[in-house]
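# Breakdown of the fold
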Amino acid sequence: MLVEFFFTLRKYGLKSSITELLDLLQALQQQVIFADTEAFYQLARLTLVKDESQYDKFDRAFAEYFEGVAAIDLASQIPDDWLIPDIIRQLSAEDKAALQGLGSLEELLKQLRERLAEQQKRHAGGNKWIGTGGTSPFGAYGFNPEGVRIGQQGSGARRAVKVWDKREFKDLDSQSELNNRSIKLALRQLRRFARSGAATELDLNGTIQATSEQGGYLDLRFVPERHNAVKVLMLFDVGGSMDDYIELCQQVFAAVRTEFKHLEFFYFHNCVYEGVWRNNQRRHTEQVSVLDLIHTYGSDYKLIFVGDATMGPYEIDYPGGSVEHWNQEPGRLWLERLLAQYPKAVWLNPQPEQWWRHYQSISIIKDIMQQRMQPLTLEGLTQAIKLLS
Amino acid sequence: MSFQSTENYIVSDELALAVNAAMTLQKPLLLKGEPGTGKTRLAEELAQSLGAELIQWHIKSTTKAQHGLYEYDAVSRLRDSQLGSDKVHDIANYIKPGKLWQAFTAQQRPVLLIDEIDKADIEFPNDLLHELDRMSFYVHETGQQVSAAQRPIVLITSNNEKELPDAFLRRCFFHYIRFPDADILRQIVAVHFPQIRQQLLSTALDVFFELRELPGLKKKPSTSELLDWLKLLLAEQIPAEVLQQKQQQGGLMPMFGALLKNEQDVQLVEKLAFLAKRQGR
């Protein structure tokens, strides 16, 4: 009974176990619910899914199993919070003037939606995604990896959408991009190794306890020293192709900043060469030599690169390959030096993972990093933290 | 025996089903959700509606699973032995039962709340697996087996600060308490403030949901904050018209401190209000 359903769930990547299926069957047997699909949906979710980030997968699997996969209401899912930061960033002076004319951001968003809708009609090719090269000034927003189609608001043919078809937990899916809080949560896992190393510190409470248990016979207890300060050295790629990900990187940065006491961060452009900088405005005057970096921060620092690694291969492999200045030694050498000093290192790449194989430079960097490259999603970040700890 | 909304606590159908299923199958129910959606409150109300005792175990970062079972107070035994007290010969005098023990030996089936389990060490849930499964444990010092006469109703809350181990999750039912929609929220408010004027309430809810939808807020206000805010509005006797006026003109709502708990959020709202005002001119 329900075996088919169970396998549908597994097909969608849910890790439900047999025990949980038996729980569900037992609940049905005890008639917790009776002949009510919606209640069954809730009961099945209650017993089979143990994490709200999996709810979306469950919804999709449930919809498939019970057919009636009604069209998902995409129009209402245009992600305002993705759009707004991007709009603000890309505004030119004229746009800002126009914005004042239009009034609020909401107005602007509305207009944007209308314009996107029109654009879609012009590309009358069926379900076209909105591409980056559009004529609309807003066309660049089409990069949304989830591929949300816009412009269906007007279609009056709204079907009654079932609970699971609304997929309201979509934004909790861990494959999706991050928000500040989820980044913090992921980073928090780095705290795990608080006490490590040899037991050298006298544990006073433990000693008293142990001594008492022995009836007064002295029993010394030791604990490892507390290494509660995880040290992190972050290098951010700025400028050029990274502009698309500024918002995301800022969020990561803000989260990292509050989570670590020992955090050093520097910027680079495309690839690391002999100099990095702390202040992007004064990047040409106030560079810090990477050698100084290596000599200043000990090898117990964990090194995190954040960058899209999208560049010409010569920028990594050849002297003088840098697009900004003449570099005596190739970027690869500098990366390898950093990695030799910091054995715990990882590269976070905001580019969606499925695009990686299209860029030669990404695979080069990935090789240099010994495959330690992760996408900048919650799952990727969690993996990255595992690599670091 | 089924759990439903009470006079002073509103549960959604989903949640009621979850609680009832967990009670019927005698499984622990793990609750997650935004802070302030009434996770802890649920245990209190459940205990009250069943007329059962509520045993609360608040977890801290230093809590160990053993604390829930029992503690052996060896230090006072040592002291007693120095003083030559007779108590010292029976080790049972120094075994202090923990919350789980209390729950297992209660006269009537109690409600056991394990609050904020994610605060504890990452291994904590694993250490409790057997005890929650079998509802019994062994006291090494006295050789005593403590088992539950009847399985307590176990509610566990988590704020998602740490991931819980799979083995533990498999043994629980899981429910994610979603933020209530406007209808349910209206019911909740009606339960807390019966005499609130309809107009004030609907304006206040408008302001509240508008605020929650604002992108970029660090901390979205939750139900408990809404209730606090309404309390203040009522105490200050702010009429609905004033609230409405403020909303239309933009500007910070009166008593915003109850809703916005973060300086940056206040600034953000102020900034948007400023934009709105300029547009109005």
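Because the structure is predicted, anything quoted here is derived from the model rather than measured. (Residues numbered from 1 in each chain as written. Chains lettered and ligands numbered in written order. Predicted model: local features only at pLDDT ≥ 70, side-chain atom pairs only at ≥ 80, totals over all residues. Heavy atoms only, no water.)

### Topic: the overall build of chain A
If you tally the helices and strands in chain A, you get 16 helices and nine strands. The buried share among the 389 residues of chain A stands at 46%. Partitioning the intrachain contacts of chain A with sequence separation of at least 6 by distance along the chain shows that 70% fall at a separation of at least 24. Accessible area of chain A: about 20,400 Å², with a carbon and sulfur share of 50%. (Helix = DSSP H or I, 4+ residues; strand = E, 2+ residues; numbered from the N terminus. Buried < 20%, exposed > 50% of the residue type's maximum accessible area, 1.4 Å probe, protein only. Contact = heavy atoms within 4.5 Å. Areas by Shrake-Rupley, 256 points an atom, 1.4 Å probe, with all protein chains shown as cover.)

### Let's talk about the nonpolar core
The nonpolar side chains of soluble globular proteins are, as a tendency, buried together. Of all hydrophobic cores here, the largest spans 83 residues; its most connected members are Phe5(A), Phe58(A), Leu29(B), Leu42(B) and Ile156(B). In terms of residues, this core owes the most to one element, helix H1 (residues 13-25) of chain B, which gives nine residues. Ile156(B) has contacts with Pro28(B), Leu29(B), Leu30(B), Leu31(B), Ile114(B), Ile117(B), Leu132(B), Phe168(B) and Cys172(B), leaving out every residue within four places of it along the chain. Ile294(A), Tyr297(A), Ala309(A) and Leu338(A) belong to the second-largest nonpolar core, a separate cluster that totals 32 residues. (Core = buried A, V, L, I, M, F, W, Y, C linked by side-chain atoms within 4.5 Å.)

### Regarding the packing of H1(B) against helix H2 (residues 39-50) of chain B
The axes of two packed helices give the description: the angle between them and the distance between them. Residues and elements named next belong to chain B. Following both chains from N to C, one finds H1 and H2 inclined at 60 degrees, their axes separated by 13 Å at the closest point. By the angle class used here, H1 and H2 are oblique. Here H1 runs over H2; the crossing is right-handed. For the pair H1 and H2, the contacting residues are Leu-15, Val-19 and Met-23 in the first and Leu-42, Leu-46 and Leu-50 in the second. By residue class, the composition of the contact of H1 with H2 is six nonpolar, no polar and no charged. (Axes fitted to C-alpha atoms, helices over the stretch in contact; angles between N-to-C directions. Parallel < 35°, antiparallel > 145°, perpendicular 65-115°, else oblique. Left-handed = near helix turned anticlockwise from the far one by under 90°. Nonpolar A, V, L, I, M, F, W, Y, C, P; charged D, E, K, R; others polar.)

### Things to note about the layout of surface pockets
Within this model, the second largest pocket holds a volume of roughly 600 Å³. In this structure, the second largest pocket is lined by 14 residues; those nearest its centre are Asn205(A), Gly206(A), Gln209(A), Lys64(B) and His67(B). At the level of elements, helix H10 (204-213) of chain A together with helix H3 (65-69) and strand E3 (70-72) of chain B are the ones that each hand at least two residues to the lining of the second largest pocket. Of the residues assigned to the lining of the second largest pocket, the class counts are three nonpolar, six polar and five charged. (1 Å grid on protein atoms, 1.4 Å probe; cavity = no way out; pocket = protein on both sides within 12 Å on 5 of 7 lines; lining within 4 Å. Points joined across faces, edges and corners; volume = space filled by probe spheres on them.)

### Considering helix H14 (residues 331-341) of chain A
Those residues of H14(A) lying buried are Gly331(A), Trp334(A), Leu335(A), Leu338(A), Leu339(A) and Gln341(A). Seen end-on, H14(A) carries its buried residues on one side only, within an arc spanning 165 degrees. (Arc of directions from axis to C-beta.)

### Looking at unusual backbone geometry
Of note in the backbone geometry, Ala309(A) takes a positive phi value of approximately 55 degrees without being a glycine. Note on placement: Ala309(A) falls in the loop between strand E7 (302-306) and helix H13 (314-317). A residue is classified by how much of its surface remains accessible, and Ala309(A), at 0% relative accessible area, is buried. At Gln26(B), a position not held by glycine, the phi torsion is positive, near 55 degrees. One can find Gln26(B) in the loop between H1 and strand E1 (29-33).

### Describing the pairing of strand E4 (residues 262-268) of chain A
Residues and elements named next belong to chain A. Within E4, six of the seven residues are buried, leaving the element largely enclosed by the surrounding structure. Where strand E3 (residues 231-237) and E4 come together, seven bridges link them in parallel fashion. Opposite Phe-236, over in E4, you have Tyr-267 as the bridge partner. (Pairing = 2+ DSSP bridges.)

### What about the side chain of Gln374(A)?
By the element assignment, Gln374(A) lies in strand E9 (residues 373-375). If we ignore the near neighbours within four places in the chain, the residues touching Gln374(A) are Val346(A), Trp347(A), Leu348(A), Asn349(A), Trp356(A), Gly380(A), Gln383(A), Ala384(A) and Leu387(A).

### Structural notes on the sheet that holds strand E8 (residues 153-158) of chain B
Within the open sheet, the five strands sit side by side as E2-E5-E8-E1-E9 (chain B). Their pairing is parallel. Every other strand in the sheet has two partners, leaving strand E2 (54-58) and strand E9 (173-177) of chain B as the edge strands with one partner each. Here the average twist between neighbouring strands, direction ignored, is 20 degrees. Both E2(B) and strand E5 (residues 111-115) of chain B contribute to a ladder of five bridges, which runs parallel. Bridge pairing in E5(B) places Trp57(B) opposite Ile114(B). Along the sheet, helix H3 (residues 37-48) of chain A makes contact with E1 and E9 of chain B, crossing E9(B) at roughly 115 degrees.

### A closer look at helix H1 (residues 3-11) of chain A
Residue and element names in this part refer to chain A. Among the residues making up H1, those that are buried are Phe-5, Phe-6, Thr-8 and Leu-9. Taken down its axis, H1 places every buried residue within 160 degrees of arc, on the same side. Looking at H1, the residues exposed on the side facing more than 90 degrees away from the buried face are Glu-4, Phe-7 and Lys-11. Residues of H1 that are buried sit in contact with helix H2 (18-29), H3 and helix H4 (55-65). Positive phi appears at Gly-13, one or two residues downstream of H1, with a value of about 85 degrees.

### Remarks on empty space enclosed by the protein
Taken as a whole and assessed by the stated rule, the structure comprises three cavities of 30 Å³ or more. The space that makes up the second largest cavity amounts to roughly 50 Å³. Each residue belonging to the lining of the second largest cavity can be placed in one class, and the counts come to five nonpolar, two polar and two charged.

### A short note on the packing of aromatic side chains
A complete count under the given rule lists 26 aromatic pairs over all chains for this structure. Ring geometry for Phe40(A) against Phe62(A): centres 6.2 Å apart, planes inclined by 35 degrees, an arrangement best described as tilted. Residue Phe40(A) is found in helix H3, and its partner Phe62(A) is found in helix H4; the two are separated by 22 residues along the sequence. For Phe40(A), a relative accessible area of 10% corresponds to the buried category. Look at Phe62(A) and you get buried, because its relative accessible area is 0%. Summarising the aromatic geometry, the rings of Phe208(B) and Phe209(B) are spaced 5.6 Å apart at their centres and angled 75 degrees between planes, so their arrangement reads as edge-to-face. An aromatic cluster of at least three residues, connected via ring pairs, comprises Phe5(A), Phe40(A), Tyr41(A), Phe58(A), Phe62(A) and Tyr65(A). Positioned above the aromatic ring of Phe265(A), the side-chain terminus of Arg278(A) is 5.8 Å from the ring centre. (Phe/Tyr/Trp six-rings, centres within 6.5 Å; stacked < 30°, edge-to-face > 60°. Lys NZ or Arg CZ within 6 Å of the ring centre and 35° of its normal.)

### Digging into the packing of H14(A) against helix H15 (residues 360-368) of chain A
Residues and elements named next belong to chain A. In the contact formed by H14 and H15, the axes pass within 10 Å of each other and the chain directions differ by 35 degrees. Crossing handedness for the pair H14 and H15: right-handed. In this structure, H14 uses Arg-332, Leu-335, Glu-336 and Leu-339 to contact H15, whose residues at the interface are Ile-364, Ile-365 and Ile-368. Class assignment of the residues belonging to the contact of H14 with H15 gives a composition of five nonpolar, no polar and two charged.

### Some points on the environment of Lys302(A)
Residue and element names in this part refer to chain A. Relative to the assigned elements, Lys-302 resides in strand E7. Since its relative accessible area comes to 8%, Lys-302 is described here as buried. Distance in space between the C-alpha atoms of Lys-302 and Val-230 is 8.0 Å, their sequence separation being 72 residues.

### Comments concerning the pattern of salt bridges
Under the definition given, this model contains 21 salt bridges over all chains. Of the charged contacts, one joins Arg60(A) and Asp56(A) as a salt bridge, the two residues approaching to 3.5 Å between their closest N and O atoms. Taken as a pair, Arg60(A) and Asp56(A) lie in helix H4 at a separation of four residues, close to a single helical turn. For Asp56(A), a relative accessible area of 1% gives the class buried. Salt bridges linked by common partners bring Glu20(A), Lys50(A) and Arg170(B) together as one network. (Salt bridge = Lys/Arg side-chain N within 4 Å of Asp/Glu carboxyl O.)

Scope: geometric values only; no functional claims are made or implied.
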